[in-house]
Amino acid sequence: MSGNIQSVEVAPQPPPFSPPVPVGSDSSNYGSGILEDTTLDEPVLDTVKRDLGMVWTKLTKVMMPSRDTRDELRNWDLWGPLFLCLILAILLSIDESGNIQESTNRDRPAVVVWVGAVVVTVNAKLLGGNVSFFQNICLLGYCVAPMILATSLCMIVRTGVANVILRLLFSLGGMLWSLRSSLGFLSEVVVPQRRALAAYPVLLFFTAITWMIMLRTSSA
């Protein structure tokens, strides 16, 4: 008996498929059924508390600028600016007798704030600012907080002999505080040669809000 025994080449088997590891996750635990840093099963109350804590942290970083303000605003959010904008719009819609005005007058300050923030952000991007669109919107939204404080003080002293002078001082103080917070951040993301061009729309933005505060808190 004779014959030729030929070797049969077996095609190499592909390695077992493993899903891609998400960016920033630990590859040692991925695929083992262990999910870290997930909030899917988190109670709603804990989620609200965590979000409020993040809003408060960003608000303090913007109100009191420091070196880590830019790092904190990298994790931008729009909930805080939205709430601050609504609070400002509601305050400016309350007349001298304590009644809230019609929706047209109530929505106008909110429209001015959001449209102005978009214009300032687009201008900063066109000037080559190293900042994302929503990050700058977040910054300007939080910088409205001093204007809310100024509005509250102006509503308290809206009646009286020296109400115009006090309201002007409160409004200008809130505007300067907001300018300090916003320009301190923008000066770090815009080249020095273009900082004046980036600061001019910001000045107009907060000047318009200051003018609305003076008009809406008038006792006339």
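Residues numbered from 1 in each chain as written. Predicted model: local features only at pLDDT ≥ 70, side-chain atom pairs only at ≥ 80, totals over all residues. Heavy atoms only, no water.

(A) Focus on the overall build of the protein chain. Along the protein chain, the regular secondary structure elements total eight helices and zero strands. In the protein chain, buried positions account for 35% of the 220 residues. Restricting the contact set of the protein chain to residue pairs at least 6 apart, pairs at least 24 apart contribute 71%. Split by element, the accessible area of the protein chain, about 13,900 Å² in all, is 65% carbon and sulfur. (Helix = DSSP H or I, 4+ residues; strand = E, 2+ residues; numbered from the N terminus. Buried < 20%, exposed > 50% of the residue type's maximum accessible area, 1.4 Å probe, protein only. Contact = heavy atoms within 4.5 Å. Areas by Shrake-Rupley, 256 points an atom, 1.4 Å probe, with all protein chains shown as cover.)

(B) Layout of the side chain of threonine 121. Its place among the elements puts threonine 121 in helix H4 (residues 103-126). You can call threonine 121 buried: its relative accessible area is 1%. Among the polar contacts made by the side chain of threonine 121, one reaches the side chain of asparagine 136 at a distance of 3.0 Å. Residues in contact with threonine 121, not counting those within four places in the same chain, are Phe133, Asn136, Ile137 and Leu140. (Polar contact = N/O pair within 3.5 Å; in protein donor to acceptor, adjacent residues only side chain to side chain.)

(C) Spotlight on the side chain of threonine 210. Looking at the element boundaries, threonine 210 is found in helix H8 (residues 195-216). According to the relative accessible area criterion, threonine 210 is buried, its value standing at 6%.

(D) Structural detail: the packing of helix H6 (residues 145-156) against helix H7 (residues 163-189). Running from N to C, H6 and H7 point in directions that differ by 170°, and their axes come no closer than 8 Å. With respect to H7, the element H6 is oriented roughly antiparallel. Facing H6, whose interface residues are Pro146, Met147, Leu149, Ala150, Leu153 and Cys154, H7 presents Arg167, Phe170, Ser171, Gly174, Met175, Trp177 and Ser178. A breakdown of the residues in the contact of H6 with H7 according to their chemical character gives nine nonpolar, three polar and one charged. (Axes fitted to C-alpha atoms, helices over the stretch in contact; angles between N-to-C directions. Parallel < 35°, antiparallel > 145°, perpendicular 65-115°, else oblique. Nonpolar A, V, L, I, M, F, W, Y, C, P; charged D, E, K, R; others polar.)

(E) Region of the structure containing the nonpolar core. Core analysis: the largest hydrophobic core is formed by 42 residues, its most contacted members being Leu88, Val113, Tyr142, Met147, Phe206 and Ile209. Considering each element in turn, this core owes the most residues, seven residues, to H8. If near-sequence neighbours (up to four positions away) are discounted, isoleucine 209 is found in contact with Leu88, Val113 and Met147. (Core = buried A, V, L, I, M, F, W, Y, C linked by side-chain atoms within 4.5 Å.)

(F) Local environment of the packing of aromatic side chains. Following the criterion strictly, the structure yields three aromatic pairs and no others. Arranged with centres 5.4 Å apart and planes meeting at 90°, the rings of phenylalanine 133 and phenylalanine 134 form a pair that is edge-to-face. For phenylalanine 134, a relative accessible area of 39% corresponds to the partly exposed category. Taken together, a centroid distance of 4.9 Å and an interplanar angle of 70° make the contact between phenylalanine 205 and phenylalanine 206 edge-to-face. The buried category is assigned to phenylalanine 205, whose relative accessible area is 6%. (Phe/Tyr/Trp six-rings, centres within 6.5 Å; stacked < 30°, edge-to-face > 60°.)

(G) Summary view of the UniProt feature "transmembrane region" (unreviewed entry) in the protein chain. Here the UniProt-annotated "transmembrane region" (unreviewed entry) positions come out as residues 78-98, 110-127, 133-157, 164-185 and 197-215. Secondary structure across residues 133-157 divides into 88% helix and 0% strand, with the first and last C-alpha atoms of the span separated by 38 Å. Helix makes up 100% of residues 164-185 and strand makes up 0%, while its end C-alpha atoms are separated by 32 Å. (UniProt positions renumbered as here; feature names shortened; annotations may be inferred.)

(H) Geometry of a nonpolar patch on the surface. A cluster of nonpolar residues, Trp76, Val118, Val122, Leu126, Phe133 and Phe134, forms a patch on the protein surface that exposes about 540 Å² of accessible area. Going through the elements one at a time, H4 and helix H5 (133-142) are the ones with two or more residues in the nonpolar patch. Broken down by element, the residue count for the nonpolar patch peaks at three residues, all from H4. By the element assignment, valine 118 lies in helix H4. (Patch = residues over 30% accessible without salt bridge, like charges linked within 9 Å, V, L, I, M, F, W, Y side chains within 5 Å. Salt bridge = Lys/Arg side-chain N within 4 Å of Asp/Glu carboxyl O.)

(I) View of the pattern of salt bridges. According to the stated counting rule, one finds two salt bridges in the structure shown. Of the charged contacts, one joins arginine 50 and aspartate 51 as a salt bridge, the two residues approaching to 4.0 Å between their closest N and O atoms. Taking the relative accessible area as the measure of exposure, arginine 50 reaches 34% and is therefore partly exposed.

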